[in-house]
Amino acid sequence: MGVRALLRAAVRELYRRRSLVELLYCVIAAPLGIAVPVVALGFAIAVGWMTPGPGKPDNASIVGMAAGLAVVLVVAPPVARRFGALYRFLAARLLGEWIAAPPAPRRGRGPAGRLTAVVRDAAGWRAAACLLLKLPVALLQVYALAFWITGAVNMTYPFWWGLFRNHPPNVQLDPVMVFTPLGQFKIVTMFGTLRALVVGVVLVLCAPWVTRAATSVDRWLMRALLGPVGLAQRVRDLEQTRARAVDDTAALLRQVERDLHDGAQVRLAALALNLGMAKEKLGEEGVVPDLDALRELVDAAHRGAKDALVELRDLARGLHPPALDNGLADALATLASSSAIPVELTIDIPRRPTPAIETIAYFCAAELLANAAKHSRANRIEVRAAERDDSLVLTVADDGAGGADPAAGSGLSGLSQRVSTVDGRLAIASPPGGPTLITVELPPRA
Amino acid sequence: MRVVIAEDAALLREGLIRLLVDRGHEVCAAVSEGGALLAAVAEHRPDVAVVDIRMPPTHTDEGLRAALELRRDHPETGVLILSQYIETRYASRLLEGGAAGVGYLLKERVADVAEFADALARVAAGGTALDPEVVSRLLRASRQAEGLTALTPRERDVLVQMAEGRSNAGIAAGLHVSAGSVEKHVASIFGKLGLPPSEGDNRRVLAVLHYLRS
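Residues numbered from 1 in each chain as written. Chains lettered and ligands numbered in written order. Predicted model: local features only at pLDDT ≥ 70, side-chain atom pairs only at ≥ 80, totals over all residues.

Below, the discussion takes up the overall build of chain A. The number of helices and strands found in chain A is 12 helices and 7 strands. Out of the 446 residues belonging to chain A, those deemed buried represent 27%. (Helix = DSSP H or I, 4+ residues; strand = E, 2+ residues; numbered from the N terminus. Buried ≥ 20, exposed ≤ 12 C-beta atoms within 10 Å, placed from the backbone.)

Quick look at the overall build of chain B now. When you go through chain B residue by residue, the secondary structure sums to 10 helices and 6 strands. The burial tally for chain B puts 44% of its 214 residues in the buried class. Long-range pairs, those at least 24 residues apart, make up 64% of the contacts in chain B between residues at least 6 apart in sequence. (Contact = placed C-beta atoms within 7 Å.)

What follows deals with the sheet that holds strand β5 (residues 391-398) of chain A. Residue and element names in this part refer to chain A. The 5 strands are arranged β3-β4-β5-β7-β6 in an open sheet whose pairing can be described as mixed. Lying at the two open borders of the sheet, with one neighbouring strand each, are β3 (343-348) and β6 (425-429). Adjacent strand axes in the sheet meet at a mean angle of 10 degrees when their direction is disregarded. Both β5 and strand β7 (residues 436-442) contribute to a ladder of 7 bridges, which runs antiparallel. Paired with Val-393 across the two strands is Glu-441, which belongs to β7. Packed on one face of the sheet, helix α10 (residues 328-337) meets β3 and β4 (381-388) and runs near 175 degrees to β3. (Pairing = 2+ DSSP bridges. Axes fitted to C-alpha atoms, helices over the stretch in contact; angles between N-to-C directions.)

This part is about the sheet that holds strand β4 (residues 78-83) of chain B. Residue and element names in this part refer to chain B. The 6 strands lie next to each other as β2-β1-β3-β4-β5-β6, forming an open sheet whose pairing is parallel. The open sheet is flanked by β2 (26-31) and β6 (128-130), the only strands paired with a single partner. Averaged over all neighbouring strand pairs, the angle between strand axes comes to 20 degrees, with direction disregarded. Sheet analysis places β4 next to strand β5 (residues 102-106), joined by 5 bridges and oriented parallel. In the sheet register, Val-79 faces β5, and the bridge partner there is Val-102. Its contacts with the sheet place helix α1 (residues 10-22) against β1 (2-6), β2 and β3 (48-52), and it is angled at close to 170 degrees to β2. Sheet strands touched by helix α3 (residues 62-73): β1, β3 and β4. Its angle to β4, the strand with the most contacts, is close to 170 degrees.

For the rest of this paragraph, the subject is the nonpolar core. In this structure, Ala-49, Val-51, Leu-80 and Ile-81 of chain B are the most contacted members of the largest nonpolar core, which totals 74 residues. Contact partners of Ile-81 of chain B, with chain neighbours within four places excluded, come to Val-51, Ile-53, Gly-63, Leu-64, Ala-67, Leu-94, Gly-103 and Tyr-104 of chain B. Counting 39 residues, the second largest nonpolar core, distinct from the first, contains Ala-128, Leu-140, Tyr-157 and Ala-214 of chain A. (Core = buried A, V, L, I, M, F, W, Y, C linked by C-beta atoms within 7 Å.)

Here we take up the interface of chain B and chain A. Taken together, the contact pairs 15 residues of chain B with 14 residues of chain A. When residues of the side of chain B that touches chain A are traced back to their parent elements, those giving at least two are α1 and α5 (113-124) of chain B. At 5 residues, α1 of chain B tops the list of elements feeding residues into the side of chain B that touches chain A. Tallied by class, residues from the side of chain B that touches chain A come to 8 nonpolar, 2 polar and 5 charged. (Nonpolar A, V, L, I, M, F, W, Y, C, P; charged D, E, K, R; others polar.)

Residue and element names in this part refer to chain B. Interhelical geometry of helix α7 (residues 153-164) versus helix α8 (residues 168-175) gives an angle of 130 degrees and a closest axis separation of 10 Å. Overall, the two elements α7 and α8 adopt an arrangement that is oblique. Crossing angle aside, the handedness with which α7 passes α8 is right-handed. Across the interface between the two elements, Asp-157, Val-158, Gln-161 and Met-162 from α7 touch Ile-171, Gly-174 and Leu-175 from α8. Here the residues of the contact of α7 with α8 are counted per class, giving 4 nonpolar, 2 polar and 1 charged. (Parallel < 35°, antiparallel > 145°, perpendicular 65-115°, else oblique. Left-handed = near helix turned anticlockwise from the far one by under 90°.)

This next bit is on helix α4 (residues 88-95) of chain B. Counting along an α-helix, one turn takes 3.6 residues, and residues three or four places apart therefore face a common direction. The set of residues buried in α4 of chain B consists of Ala-91, Leu-94 and Leu-95 of chain B. Taken end-on, α4 of chain B shows its buried residues confined to a sector of 90 degrees, consistent with a single buried face. (Arc of directions from axis to C-beta.)

Residues and elements named next belong to chain A. The residue Arg-377 is located in the loop between α11 (355-376) and β4 in this model. Spatially, the C-alpha atom of Arg-377 lies 6.3 Å from that of Ala-401, the residues being 24 residues apart in sequence. In this structure, Arg-377 is in contact with Gly-400 and Ala-401, ignoring residues within four places of it in sequence.

Here we take up unusual backbone geometry. The linkage connecting Pro-56 of chain B with the following residue, Pro-57 of chain B, adopts the cis geometry, with an omega of 5 degrees. Phi angles above zero are rare outside glycine, and Arg-377 of chain A is one such case at about 55 degrees. Judged by local crowding, Arg-377 of chain A falls into the partly exposed class, with 13 C-beta atoms found within 10 Å.

To continue, consider the environment of Arg-120 of chain A. Residues and elements named next belong to chain A. The residue Arg-120 is located in the loop between α4 (110-119) and α5 (122-164) in this model. Taking the number of C-beta atoms within 10 Å as the measure of exposure, Arg-120 has 13 and is therefore partly exposed. Between the C-alpha atom of Arg-120 and that of Pro-105, which follows or precedes it by 15 residues, the distance is 9.1 Å.

Take the pairing of β5 of chain B next. All names here are of chain B. Counting buried positions along β5 yields 4 of 5 residues, so the element is predominantly enclosed. Since β4 and β5 lie parallel, the crossover through α4 that links them has a hand, and here it is right-handed. Sheet topology places β5 next to β6; 3 bridges connect them, and they run parallel. The residue bridging Tyr-104 from the neighbouring strand is Leu-130, located in β6. With α5 bridging β5 and its parallel neighbour β6, the resulting β-α-β unit is left-handed. (Right-handed = clockwise from strand over helix to strand, strands pointing away.)

Turning our eyes to something else, we now look at the pairing of β3 of chain A. Residue and element names in this part refer to chain A. Relative to β4, β3 runs parallel, the two being bridged by 6 bridges. The residue of β4 that forms the bridge with Val-343 is Ile-381. In this region the chain leaves β3, passes through α11 and returns to the parallel neighbour β4; the handedness of that crossover is left-handed.

For α7 of chain B, with 12 residues, the first-to-last C-alpha span of 17 Å sits near the 16 Å given by 1.5 Å per residue. Those residues of α7 of chain B lying buried are Val-158, Leu-159, Val-160, Gln-161, Met-162, Ala-163 and Glu-164 of chain B. (Expected span 1.5 Å × (residues − 1).)

What follows concerns the packing of helix α2 (residues 17-50) of chain A against helix α3 (residues 62-95) of chain A. All names here are of chain A. Axis separation between α2 and α3 bottoms out at 9 Å; the angle between their running directions is 170 degrees. One element, α2, and the other, α3, form an angle in the roughly antiparallel class. For the contact of α2 with α3, a count of residues per class yields 23 nonpolar, 3 polar and no charged.

Function cannot be inferred from these measures alone, as they are strictly geometric.
What follows is the structure, encoded as structure tokens:
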């Protein structure tokens, strides 16, 4: 690109709406970005100053500053969220950068719960981090503003030079300082003001680019910290769990096909074969010569039909336990009653979760009970299903040998994967020697 | 007739043995996987092997692979494949080396004992027994083919039976028409499909299949 083309591009850039809007954004955001962390820090120091402590009354007390910081910490997440909203508004209006608001903070119950909820507000903390990191970004924006301001000022030198420098001969005047963001120089003559003019023009022509760089860093910072929590991470998690869910479904269908192929289909084919042979033995008409063989064949066919029915029923139940139609409580009761080890069941689910969640909870309980029966050598099992903090919590505890290890068998890790497909969690506490406590936490709807 | 059975479901295996023994055939061996099938055939040199497609260890197509090996190493032994599904691709692979002494039937066909026994005998004698399902799939796959559309529904019925491996007399009995009219239909089909008329069931099947596949 030639010098002329570069110059033309720079001039065009100067008149673009985008450049002016970014300038406006910097004018608003830079003082705000500096003021907020400085005020917060100042508040902490001021509290330290006012709090009595060792070394008073002249010095700030460390204890007091710590107290001030603690107050800032508690206040930070909600206040940071407000400022985050303001920045999102500015970014959307001026920069056209639409950032989705993070989900509203959880509300805890009771004073302690509320405090915990505030302190654990991840989105609030990320907003606070954003406000802190805004400080260097704001300094960068000030630097960009300096291009505009010094550029504009320097361009004016030739115009007022004559007004102030019409001194009588032999009077020695100090040289005039010309400031730029990149350094400073002195001018003493009218010719020097032309240098200042040229420098000013260059600065103003460069200003949009520097401003763009500063706002770009700001945009990036806001996108990263003011949006919903770890959006990219969330997408990755969802991709993984979706892949697992799809694999699960494929594996399940394959298993069903195999069960049908090796089970009911074989039984029905054998049944048809027996009946076919029986039909042959019966003949078209008249006396049946070999009644014993015929009886045997019909008997085998009858048995085969019953076996096929059992097989199909088990398979169907494995796909969807009919007891689940009446809710998790009924289904778990049915499950508990068929357990080899006595099960104590406690259920407190005032609101019914969605069917998908119920099904997952049911299969978790079934698998965990089966595991306990197989490995734990427990005398009793406690199964609890309760609604807690807007989630369904299922716990299965036994007084057995413990040592359940998700790495050893695929059962537990499979459950964990299944649970994670709906953003649930599975926690295992099973020291060698027992007891075992497995907690499954599921959202009320998938 | 001397038979080797390869079927991993014990229930069906026993049923097949009983059926064959009942009808006076000799079951030389009944095995449950492909490798054992090859060994048993090498040892007993049976007239025909009844082979389940899906067997251990992979439960996919080891029966078919064993059958293809049998076709190569013991062409004198007929192979009747049993399967719960019809895969036209399997059928084509099986028929690549020729349709003589080859059968491919759905498992449920064993329920029609007499027909199954007939099909088995046909394969043992070097004939062909294709499941009507196989034929209709192949027909469906080549429905667009020119010539097929020119067939009358009756001729199509005859073509299906012909592809299953039946003789003219068998077709006549199956469709309840006279042998003469079957002959007429067959001649007309060959004419419309552009196949040279020839003697012998297998060549007819081969010709028809070749046409259907092309």
